[in-house]
Number of protein chains: 2
Amino acid sequence: MKKLINSPDTVLVDALTGLAAAHPELAVDLEARVVLRAGGPQPGKVAVISGGGSGHEPLHVGFVGPGMLSAACPGEVFTSPVPDQLLAAARAAHGGAGVVFVVKNYTGDVLNFEIAGELAAEQGIEVRTVLVNDDVAVEDSTYTAGRRGTGATVVVEKVTGALAERGASAAEVASIGERANAASRSFAVALGAATVPAAGKPGFDLPADMIEVGVGIHGEPGRRREPIRPAHELVAEVVDTVLADHPLTTGDQAIVLVNGMGATPLIELYVVYGEVAARLAERGIRIVRNLVGNFVTSLDMAGFSLTVTKADPELLELWDAPVSTPALHRP
Amino acid sequence: MKKLINSPDTVLVDALTGLAAAHPELAVDLEARVVLRAGGPQPGKVAVISGGGSGHEPLHVGFVGPGMLSAACPGEVFTSPVPDQLLAAARAAHGGAGVVFVVKNYTGDVLNFEIAGELAAEQGIEVRTVLVNDDVAVEDSTYTAGRRGTGATVVVEKVTGALAERGASAAEVASIGERANAASRSFAVALGAATVPAAGKPGFDLPADMIEVGVGIHGEPGRRREPIRPAHELVAEVVDTVLADHPLTTGDQAIVLVNGMGATPLIELYVVYGEVAARLAERGIRIVRNLVGNFVTSLDMAGFSLTVTKADPELLELWDAPVSTPALHRP
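Peer 1: Hey, could you run me through the overall build of chain A in this one?
Peer 2: Tallying secondary structure elements over chain A gives eight helices and 14 strands in all. A burial count over chain A gives 62% of its 331 residues as buried. Across chain A, the fraction of contacts at a sequence separation of at least 24, relative to all contacts at a separation of at least 6, is 73%. In chain A, the 25 positive side-chain charges and the 39 negative ones have mean positions that sit 4 Å from each other.

Peer 1: Just checking my understanding: could you explain the interface of chain A and chain B for this structure?
Peer 2: Often, the extent of an interface is quoted as the loss of accessible area upon association of its parts. In this assembly, 55 residues from chain A lie in contact with 55 residues from chain B. Summing both partners gives a buried area of about 4,100 Å² for chain A against chain B, and 65% of it is carried by carbon and sulfur. The largest share of the area that chain A buries against chain B comes from K2, L4 and I267 of chain A, three residues that together contribute 22% of it. For the interface between chain A and chain B, the tally reads two salt bridges.

Peer 1: How do you make sense of the pairing of strand 8 (residues 210–213) of chain A when you look at a structure like this?
Peer 2: In summary, the side chains of a regular strand alternate between the two faces of the sheet. Relative to strand 8 of chain A, strand 7 (residues 184–192) of chain A runs antiparallel, the two sharing two bridges. Residue pairing for strand 8 of chain A: A190 of chain A is matched across the bridge by E212 of chain A.

Peer 1: I keep staring at the nonpolar core and nothing clicks. Help me out?
Peer 2: Side chains that are nonpolar tend, in soluble globular proteins, to be buried together. In terms of nonpolar packing, the biggest core is built from 205 residues, with F304 and L306 of chain A together with F304 and L306 of chain B touching the most fellow members. The element best represented in this core is helix 7 (residues 266–282) of chain B, accounting for 10 residues. For F304 of chain A, the residues in contact, after removing those within four places along its chain, are F187, A188, V189, L234, V235, V238, N259, M261, L269 and V272 of chain A together with L4 of chain B.

Peer 1: I would appreciate a short explanation of the relation of the copies chain A and chain B in the present structure.
Peer 2: For these two chains of identical sequence, chain A goes onto chain B by a turn of 180 degrees and a shift of 0.0 Å along the axis, with RMSD 0.0 Å. Taken together, these values place the two copies in the relation of a two-fold axis. In terms of C-alpha distance to the rotation axis, chain A has A263 of chain A as its closest residue, with the C-alpha 1.9 Å off the axis. Here 100% of the contact residues of chain A are again contact residues in chain B; the copies associate through an equivalent surface.

Peer 1: Which parts of the structure should I look at to understand helix 4 (residues 152–165) of chain A?
Peer 2: Residue and element names in this part refer to chain A. Between its terminal C-alpha atoms helix 4 stretches 20 Å, which fits the 20 Å expected from 14 residues at 1.5 Å a residue. Within helix 4, 13 of the 14 residues are buried, which leaves it mostly tucked inside the rest of the structure. Two residues or fewer after helix 4 comes G167, characterised by a positive phi angle close to 90 degrees.

Peer 1: Whenever I open this one, the packing of aromatic side chains confuses me. Can you help?
Peer 2: For any pair of aromatic rings, the description rests on two quantities: the centre-to-centre distance and the angle between the ring planes. Residue and element names in this part refer to chain A. Taken as a whole and judged by the stated rule, the model has two aromatic pairs over all chains. Seen in terms of ring centroids, F101 and F113 are 5.0 Å apart; in terms of plane orientation they differ by 65 degrees. Their pairing is edge-to-face. Here F101 is found in strand 5 (residues 99–104), whereas its partner F113 is found in helix 3 (residues 107–122), with 12 residues between them in sequence. For F113, a relative accessible area of 2% translates into the label buried.

Peer 1: Which parts of the structure should I look at to understand the environment of V130 of chain B?
Peer 2: Residue and element names in this part refer to chain B. Examined against the element boundaries, V130 turns out to sit in strand 6 (residues 127–132). Taking the relative accessible area as the measure of exposure, V130 reaches 0% and is therefore buried. Between the alpha carbons of V130 and V173 there is a distance of 9.2 Å; along the sequence they are 43 residues apart. Setting aside chain neighbours within four positions, we find V130 in contact with V100, F101, V102, V103, V156, A174, G177 and E178.

Peer 1: Which parts of the structure should I look at to understand unusual backbone geometry?
Peer 2: When glycine is set aside, most residues are seen to have a negative phi, and most peptide bonds are trans. H60 of chain A follows L59 of chain A through a cis peptide bond whose omega is -10 degrees. Mapped onto the fold, H60 of chain A is located in the loop between strand 3 (47–54) and strand 4 (71–77). Across the junction of E57 of chain B and P58 of chain B, the peptide omega takes the value 10 degrees, indicating a cis bond. One non-glycine residue, L299 of chain A, lies in positive phi territory at about 50 degrees. Along the chain, the position of L299 of chain A falls in the loop between strand 11 (286–293) and strand 12 (302–310). Taking relative accessible area as the criterion, L299 of chain A reaches 2% and is therefore assigned buried.

Peer 1: What am I meant to see in the sheet that holds strand 12 of chain A here?
Peer 2: Pairing between the strands of a sheet is mediated by backbone hydrogen bonds and can be parallel or antiparallel. Residues and elements named next belong to chain A. In spatial order, the strands read 9-8-7-12-10-11; together these six strands make up an open sheet with mixed pairing. Every interior strand has two partners, whereas the edge strands, strand 9 (224–227) and strand 11, have only one. Strand-to-strand, the axes of this sheet are offset by a mean angle of 20 degrees, without reference to chain direction. Sheet strands touched by helix 8 (residues 313–320): strand 10 (253–260), strand 11 and strand 12. Its angle to strand 11, the strand with the most contacts, is close to 35 degrees.

Peer 1: Where do I start with the domain arrangement of chain A in this structure?
Peer 2: Residues and elements named next belong to chain A. Here chain A is described as being made up of domain 1 (10–183) and domain 2 (184–319). Measuring from the centre of the C-alpha atoms in domain 1 to the corresponding centre in domain 2 gives 23 Å. With both sides pooled, the region where domain 1 packs onto domain 2 buries about 3,100 Å², and carbon together with sulfur makes up 61% of that total. When the area that domain 1 buries against domain 2 is broken down by residue, the three leading residues are F78, V136 and A183, summing to 19%. Put simply, domain 1 and domain 2 have four salt bridges between them. Seen at the junction of domain 1 and domain 2, the total is 25 residue pairs in polar contact (both at pLDDT 80 or more). Counting residues per element, the ones that place at least two in the side of domain 1 that touches domain 2 are helix 4 and helix 5 (170–182). If you tally residues by element for the side of domain 1 that touches domain 2, the top one is helix 4, at seven residues. When its residues are assigned to classes, the side of domain 1 that touches domain 2 shows 20 nonpolar, eight polar and nine charged.

Peer 1: Would you take a moment to explain the pairing of strand 8 (residues 210–213) of chain B for this structure?
Peer 2: Where strand 8 of chain B and strand 9 (residues 224–227) of chain B come together, four bridges link them in antiparallel fashion. Along strand 9 of chain B, the bridge assignment pairs I211 of chain B with E226 of chain B.

The rules behind the values
Throughout this document, residue positions are counted from 1 along each chain, in the order its sequence is written. Ligands are numbered from 1 and chains lettered from A, in the order in which they are written. With pLDDT at 70 or above as the cut-off, local features in this predicted model cover only qualifying residues; side-chain atom pairs require 80 or more to be listed or tallied, and sums for whole chains, interfaces and linings still use all residues. In computing side-chain properties, one takes all heavy atoms of the structure into account and sets aside hydrogens as well as water. For helices the rule is a DSSP run of H or I covering at least 4 residues; for strands it is a run of E covering at least 2, with both sets numbered from the N terminus onward. Buried means the residue's accessible area, taken with a 1.4 Å probe over protein chains only, is under 20% of the maximum for its type, while exposed means over 50%, and partly exposed covers the values in between. Residue contacts are counted whenever heavy atoms from the two residues lie within 4.5 Å of one another. The charge count treats Lys and Arg as positive and Asp and Glu as negative. His and the chain ends do not count. One atom stands in for each charge, and that atom is NZ of Lys, CZ of Arg, CG of Asp or CD of Glu. Buried area is calculated as the accessible area (1.4 Å probe) missing from two parts once they are joined, with the contributions of both summed. Any carboxyl oxygen of Asp or Glu within 4 Å of a side-chain nitrogen of Lys or Arg constitutes a salt bridge here. Strands pair, by our definition, only if DSSP identifies at least two bridges between them. By nonpolar core is meant a set of buried Ala, Val, Leu, Ile, Met, Phe, Trp, Tyr and Cys residues that side-chain atoms within 4.5 Å join together. Residues reaching a pLDDT of at least 70 in both copies supply the C-alpha atoms on which the copies are superposed by least squares. What a helix is expected to span follows from its residue count: subtract one and scale by 1.5 Å. Working definition: a ring pair exists when centres of Phe, Tyr or Trp rings (six-membered ring for Trp) sit within 6.5 Å. Plane angles under 30 degrees give stacked, over 60 give edge-to-face, the rest tilted. The convention used is that axes are lines fitted to C-alpha atoms, helices contributing only their stretch in contact, and that angles between N-to-C directions extend from 0 to 180 degrees. Note that domain bounds follow an automatic or database assignment of domains. Whenever a nitrogen or oxygen atom comes within 3.5 Å of another N or O atom, the pair is scored as a polar contact, on the condition that within protein one atom can donate a hydrogen and the other can accept it, and that pairs from neighbouring residues in sequence are kept only if both atoms are in side chains. Charged means Asp, Glu, Lys or Arg here, nonpolar means Ala, Val, Leu, Ile, Met, Phe, Trp, Tyr, Cys or Pro, and polar covers whatever is left, Gly included.

This is how it looks when you write it as structure tokens:
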């Protein structure tokens, strides 16, 4: 294994040290493993908090800042953050108006956020939870009961953060997050596996020229393996799969995320985006906003995911609201 | 070879099609292979134009927009753009105040920009050229007489674009670009090779656990191969190598770019940044601005590059000036 790390045991704390050095606008608590906005909690505003296993950067730590997350809790690589860590984030970010947890649907994450929510409630903090479960590839997966939470997390974190910034209640912020999740579907394809530092070898074996269709962000198996095909064929199938689960029709507007899994060149992601745009145009669906790049990665996995969110005026307005984070900026 | 492409022959035009679909704020001329800002040239302002082989995205096409490039010319993968293409960009972007070409020091690029500059001059367009040659790894390389141009290109494009936006002359814009280049040094390490689509296999063989120290952005050989080491040892050597060539001392300020080559997880780049920051702090050098991420990539090469620019008040002010491009935003 070749990695730019000191040791598998220290990769998280070393990366957080670097994150803190690079971003003085963040407050990184190395002890508690919580990333907050510098300047303390925002009095009277809901704190939107997320977290999950590390290795998916910039998710979640790269989305902490005005207009998006109040705090993020990075677990060890591909491992849920622990309840104490999440509780520490809730206490540190709480501005008196409650907390909304954004949780990707993996069993460990769901359980740990639930425990943390109960502990926070005991301390008088109102907690609401938005569960993200947008991945249509499979029902139940290696680490998940139900559908996995993937690319839609970016949309949910963006719109909940924007609404919290406007002073909405925890119930309202959670509600818009649930609506963004319900409006979103994702599907991913892997061309190669990621290597977790502590494991030291790729998480799965993929024969030469074979791809994993419907892969999870930890390398969980998808629907099947098949030979690589030209982008327009592969992307057409991915678009059709997403839309088969998701009632977008002629005249609908969409926010589209073409996301790299970590090791896919940007030039390929633009090829994919071109094919997605053509396929949606054929169906009369108008892409009104998009992101193309690495947002929800899987270490050095090669491949991409597509997320389609059905847009409405409120979601769009919140998507467009100002945001200032390491990974997403908009004036 | 597994890639998200339709065919090696169409990867550039397919990616440009996707770029155009994703970014309506750009005007992409698929025929001429020129990426411009939408809305036409800016009358009375210098047009800053760059270009080079594709495969280094977001460089250069992702840096077109207000405050940075006026136009970019993507060549085929790892292949210089041709003179006609560069001339088309100069003609399309010229606002009557001249053109500044930003050219990475590779023999093909230098020659083609030179020819284009002569052709443009014959058509009455004043052309100045800034040559970027910041890579300290080797003198003369596979495709280069002198030093290679790498990460400093981002700095040069940012500050020249900012000065052009203020209405400076072509001579002034070129001058600040030359100063930014002279203030910058870079060095790169590869953990794995990139695969060019038309080649179909990795550009070089790197044995398990070996790294290429001083690699070029097309996989050109560096100074030597050696076993992978812990990040703090490896980064210390890279920092020392850059500073040995570059007279930064206690009290100096620096702009630092820790750049991923395409397949390196962001979590590792933050580990590297933490080590860079610690090493520069030991020397009393203050990092006043930084970028951590994928900016000058080499397709799916694994590894990183470090660029250190000695900052002064003028460079800093131009670095901080507003910019709005696909890959770099600042209000």
